[in-house]
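Tertiary structure, described
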Amino acid sequence: MSSPIFVLVPGAFGTPSAYDKLVPYLEKAGFATMPEPYPSCNHSNPSIASCQEDITSLREKIILPILEQGSDVILVVHSYGGAVGGAAATGLDKKTRAANGLPGGVIGLIYIAGNVLLEGESLIQAVGGAYPPYIKTDKPSPGLSLIEPAMDVLYNDCGQALAPELEAAVKPHAQLAFETGPTAPAWADAAFEGRRTYIRTEDDCCIPASLQDAWMEKSGVKWDVVHFKSSHMPFVSKPKDLAEQLVKSANGYLAL
Ligand SMILES: *[C@@H]1O[C@H](CO)[C@@H](O)[C@H](O)[C@H]1NC(C)=O
């Protein structure tokens, strides 16, 4: 049996290069990886962006082609990536695929401070109905937003020496992606019982751990919670420890 492929879905304001420090550790452990962007990051036309556009893109361009080749997928989603990945995996679990005579399946969902959104619930609703102060709207242009100050909000456990590199990695994000809701989430399905991991980032200044807890509670399903001492960006600040945890979770799913 070939090992599953980690599909690494970034959060908002970030590109797949956010995972550059993590990928080598996963590959050393024998896993293939696929870090993928979606349209709303620095959208070329933010007036047509939506969470659904991101979901469809991830599902059709990335996940389905891997499954169709007969490989299994473990979805690793960060922050807003949880809104996208959660819904992109719906109906793609292995049991449902097999029942329909289809190869491959999504065998695990790993949320890293991921947004747990109900069907139709936008990210803005899930954070209390208003933009948090660190999201600067209509910047650098109408319909796009930036997160500032990035070092304080995202990278509070990374050395200031990295500021030029890390600040440059922050990209504008289409606001409509945050204001529109996803379709039904995969995590709600019984097929993912025992296959949901939540990496709870304890020193997170972007999505506080208490909000992460509230989201898990709201979901009404069981998550294996990993208490991880890091900022919002553990794949930057603690890539080796995070990779070890992802491999451990993957092996747990494979043993089920
Ligand atoms: C965003 O995309 C535009 C083109 O639509 C490009 O000119 C700009 O450099 C990009 N911004 C960043 C920060 O990547």
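Residues numbered from 1 in each chain as written. Predicted model: local features only at pLDDT ≥ 70, side-chain atom pairs only at ≥ 80, totals over all residues. Heavy atoms only, no water.

1. Let's talk about the site of the ligand
Keep this limit in mind: Distances are taken per atom, and a residue is near a molecule or strand as soon as one of its heavy atoms is within 4 Å of it. Counted as a polar contact is a pair of N or O atoms within 3.5 Å, where, for protein atoms, one must be capable of donating a hydrogen and the other of accepting one, and residues adjacent in sequence contribute only when both atoms are in side chains. Here the open area of atoms and residues is found with the Shrake-Rupley method and a 1.4 Å probe, where only the protein chains shown may cover a residue.
Contacts to the ligand come from Asn42, Lys171 and Pro172. At 2.3 Å, a side-chain N or O of Asn42 approaches an oxygen atom of the ligand. Protein chains bury 35% of the 370 Å² of accessible surface belonging to the ligand in isolation.

2. As for the pairing of strand S4 (residues 106-112)
Heads up, the condition is: Between buried and exposed lies partly exposed: a residue is buried under 20% and exposed over 50% of the maximum accessible area for its type, with that area taken using a 1.4 Å probe on protein chains only. In this description a helix means any DSSP run of H or I spanning at least four residues, a strand means any run of E spanning at least two, and both kinds are numbered starting from the N terminus. A strand pair is defined by DSSP finding two or more bridges across the two strands.
Counting buried positions over the 7 residues of S4 gives 7, a clear majority of the element. When strand S3 (residues 73-78) meets S4, the two strands line up parallel, connected through 6 bridges. Its bridge partner being in S4, His78 is matched across the sheet by Ile112. Bridge count for S4 against strand S8 (residues 196-201) is 4 bridges, and the pairing is parallel. In the sheet register, Ile112 faces S8, and the bridge partner there is Ile199.

3. Considering the sheet that holds S4
Two modes of strand pairing occur in sheets, parallel and antiparallel, and in both the strands are linked by backbone hydrogen bonds. Selection criterion: Angular values range over 0 to 180 degrees, each being the angle between N-to-C directions of two axes fitted as lines to C-alpha atoms, with helices fitted over their stretch in contact. The criterion used for residue contact is that any of the two residues' heavy atoms lie within 4.5 Å.
Strand order in this open sheet of 6 strands is S2-S1-S3-S4-S8-S9, and the pairing throughout is parallel. The open sheet has two edge strands, strand S2 (32-35) and strand S9 (224-228), and neither has a second partner. Taking the axes of each pair of neighbouring strands and ignoring which way they run, one obtains an average angle of 20° across the sheet. Strands in contact with helix H2 (residues 51-68) are strand S1 (5-9), S2, S3 and S4; relative to S1, the strand with the most contacts, it is inclined by about 170°. Contacts between helix H11 (residues 239-255) and the sheet are confined to S1, S3, S4, S8 and S9, with S4 contributing the most and set at about 150° to the helix.

4. A look at the pattern of salt bridges
One side chain can pair with another of opposite charge once the charged atoms of both are near each other. To keep it simple, the criterion reads: Salt bridges, as used here, are contacts in which a Lys or Arg side-chain nitrogen is within 4 Å of a carboxyl oxygen on Asp or Glu.
Under the criterion given, the structure shown has 10 salt bridges. Measuring nitrogen to oxygen at the nearest pair gives 2.9 Å for the salt bridge that ties Glu148 to Lys139. One salt bridge connects Lys229 with Asp203, and the closest N-O pair in it is separated by 2.9 Å. Of the two residues, Lys229 sits in the loop between S9 and helix H10 (234-237) while Asp203 sits in the loop between S8 and helix H9 (209-219), which places them 26 residues apart along the sequence. Residue classification places Asp203 among the partly exposed positions, given a relative accessible area of 31%. Each of Arg200, Glu202 and Asp213 takes part in one network of salt bridges that share partners.

5. Concerning unusual backbone geometry
Following Lys139, the chain continues into Pro140 via a peptide bond in cis, with omega recorded as 5°. Within the secondary structure layout, Pro140 lies in the loop between strand S5 (135-137) and strand S6 (144-147). Residue Pro149 follows Glu148 across a cis peptide bond; omega there is -5°. Take Pro149: it is sitting in the loop between S6 and helix H6 (150-153). Not every positive phi belongs to a glycine, and Ser79 is a case in point at roughly 55°. Summarising the element assignment, Ser79 is placed in the loop between S3 and helix H3 (81-88). Given the relative accessible area of 9%, Ser79 is considered buried.

6. Some remarks on the side chain of Glu121
Turning to its location among the elements, Glu121 is positioned in the loop between S4 and helix H5 (123-126). A distance of 2.9 Å separates a polar side-chain atom of Glu121 from the backbone nitrogen of Leu118. Within the structure, the side chain of Glu121 is placed 2.8 Å from the side chain of Lys218, a separation counted as a polar contact.

7. Some words on the layout of surface pockets
Over the atoms, a rolled probe matching the size of one water molecule traces out where space is still vacant. Basically, it comes down to this: Think of a 1 Å grid over the protein atoms and nothing else: a 1.4 Å probe that fits but is trapped marks a cavity, an open set flanked by protein within 12 Å on at least five of seven lines marks a pocket, and residues with an atom within 4 Å of a point count as lining. Grid points are joined across faces, edges and corners, and a volume is the space filled by probe spheres set on the points. Residue polarity is assigned by list, with Asp, Glu, Lys and Arg as charged and Ala, Val, Leu, Ile, Met, Phe, Trp, Tyr, Cys and Pro as nonpolar; anything else, Gly included, falls into the polar class.
Quantified by volume, the largest pocket comes out at close to 510 Å³. Mapped by element, the contributors of at least two residues to the lining of the largest pocket are H5, helix H7 (163-168) and H10. In the lining of the largest pocket, the residues fall into 25 nonpolar, 8 polar and 3 charged.

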